[in-house]
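Examination of the molecular architecture
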Amino acid sequence: MIQGKVLIVGGGIGGLATAIAVRNAGFDVTVIERHADLHSSVYGVGIIQPINALRALDAIGCAEACMAVGFPATAWGSMYDVDGNFLFAMPGARIEGSDLPPLNGLTRPQLHEILTNKANEVGADIHYSTTFESLVDDGEAVEVTLSDGSTERFDFVVGADGVRSQTRRYVLDEEIQPRYIGQSAFRINIPREPEIDRIILQEGPSGMAGFVPIGPDLAYLFYNAQMEKSDRPAEADLADILKEHLAPFGGLTGRVRDQHINDPSAVVLRPEESLIVEGPWHKGRIVLLGDAVHAITPHMGQGAAQAIEDGVVLADALSKHPDLESAFVEYRERRFERCKLIVDTSLAIGEWEMGRLEGFDNVAATNHVMDVMAQPI
């Protein structure tokens, strides 16, 4: 089995999950994170954990902690029309032999704290306010010059540094960046209404509104809005703009719009971007994972799930091979088609919501993906 020192660039969900998995596989692990601390590195409001994310989290000893502070749901979701009339239920996938729920929701700060605590517990070394200046792979190791001017040699480097990855340029010969799909996602935390005991979706005339439970008393509302990236509203206008988008809705969305959307500082707006790297995910002793190679729009709640799975599979491949090349090749072979299905289906759902994919069966596509995600990784 390969052993040695590994540097993980990025202390987000994928980086921390990988740190835990790789440390458990016997490596000395250092994580560098450009933000100043755990809390300043967390973006967004809440996060969906489908059953495959919980399985991967269970593999690194974090699933129970996530469900203890979150909201384990007994079903995936329910769909309603714009007026709030029930259309159909989506029970979600199950994994044979597992009692994991089809869905758990929790806040992003809670997830980051759980992953950070576990990474520290297993002995990973996390450095905040730290980046790298250069990576030099000499065939025997990677010499890393850090932002404080110091240098250190690592047996390999993992780029888990997100959609704007700085590590990516050391692996890919051409500059590859995710593309904006024409939608941006509004999100805001709200008190959890009793009916938000799973994902609740309402299909509107111009977009999809939805709700995710992320704790016993907490949920978040999301709305995918079609807009040009250059048309982002001013921060002070976010609540009013979101309420305008939600004006046609009755039912739960209408009630939440009128009662809870008032503070523009509570509204988060993020562009939706998509990427799948078709070629190799490694070069020499540098390997990529998460958003650096497969940026996923939020339509299926699979972005974080796939990054966590990446870390688990990478650690498993490293434990099975005597050389890095074979381990990295197996890692990508096990991950590519699975991640591509998620990227492509999420992108198709976005196109359908924007009226660009007539005849697309959103429900069938979602059910297919959930069934595939329940299969072994």
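Look above for the structure.
A brief structural summary. Small disclaimer: the values here were computed from a predicted structure and weren't measured.

1. Quick word on the packing of aromatic side chains
Throughout the structure, instances matching the rule amount to nine aromatic pairs. Geometrically, the ring pair formed by Phe156 and Phe328 is edge-to-face, given 5.7 Å between the ring centres and 70° between the ring planes. On the criterion of sequence distance, the pair formed by Phe156 in strand S12 (residues 156-159) and Phe328 in helix H8 (residues 324-353) is long-range, its members being 172 residues apart. Comparing Phe156 with Phe328, the two get one shared label, buried. Ring centres of Tyr220 and Phe222 lie 6.4 Å apart, and the angle between their planes is 55°; on these two criteria the pair is classed as tilted. The two residues Tyr220 and Phe222 agree in class, both being buried. Members of the aromatic cluster, connected to one another through ring pairs, are Phe27, Phe156 and Phe328. The ring of Phe154 carries Lys5 above its face, with NZ or CZ at 5.1 Å from the centroid. Directly above the aromatic system of Phe336 lies the positively charged group of Arg332, at a separation of 4.4 Å from the ring centroid.

2. Some points on the environment of Ile47
Relative to the helices and strands, Ile47 resides in strand S3 (residues 46-50). Take Ile47: its relative accessible area is 5%, and that puts it in the buried class. In sequence terms Ile47 and Ala304 are 257 residues apart; their C-alpha atoms lie 8.2 Å from each other. Among residues more than four places away in sequence, those in contact with Ile47 are Ile13, Asn104, Gly105, Leu106, Arg108, Leu111, Ile214, Tyr220 and Ala304.

3. Thoughts on the nonpolar core
Counting 99 residues, the largest nonpolar core has Val29, Leu57, Ile60, Leu115, Val144 and Leu318 as its most contacted members. Here the element with the most residues in this core is H8; it accounts for nine residues. The residues contacting Val29, other than those within four sequence positions of it, are Val6, Ile8, Ala19, Val22, Arg23, Ala124 and Asp125. Counting residues in each nonpolar core, the second largest holds 23 residues, with Tyr180, Ile190, Leu242 and Phe249 among its members.

Rules used in this analysis
Residues numbered from 1 in each chain as written. Predicted model: local features only at pLDDT ≥ 70, side-chain atom pairs only at ≥ 80, totals over all residues. Heavy atoms only, no water. Phe/Tyr/Trp six-rings, centres within 6.5 Å; stacked < 30°, edge-to-face > 60°. Helix = DSSP H or I, 4+ residues; strand = E, 2+ residues; numbered from the N terminus. Buried < 20%, exposed > 50% of the residue type's maximum accessible area, 1.4 Å probe, protein only. Lys NZ or Arg CZ within 6 Å of the ring centre and 35° of its normal. Contact = heavy atoms within 4.5 Å. Core = buried A, V, L, I, M, F, W, Y, C linked by side-chain atoms within 4.5 Å.

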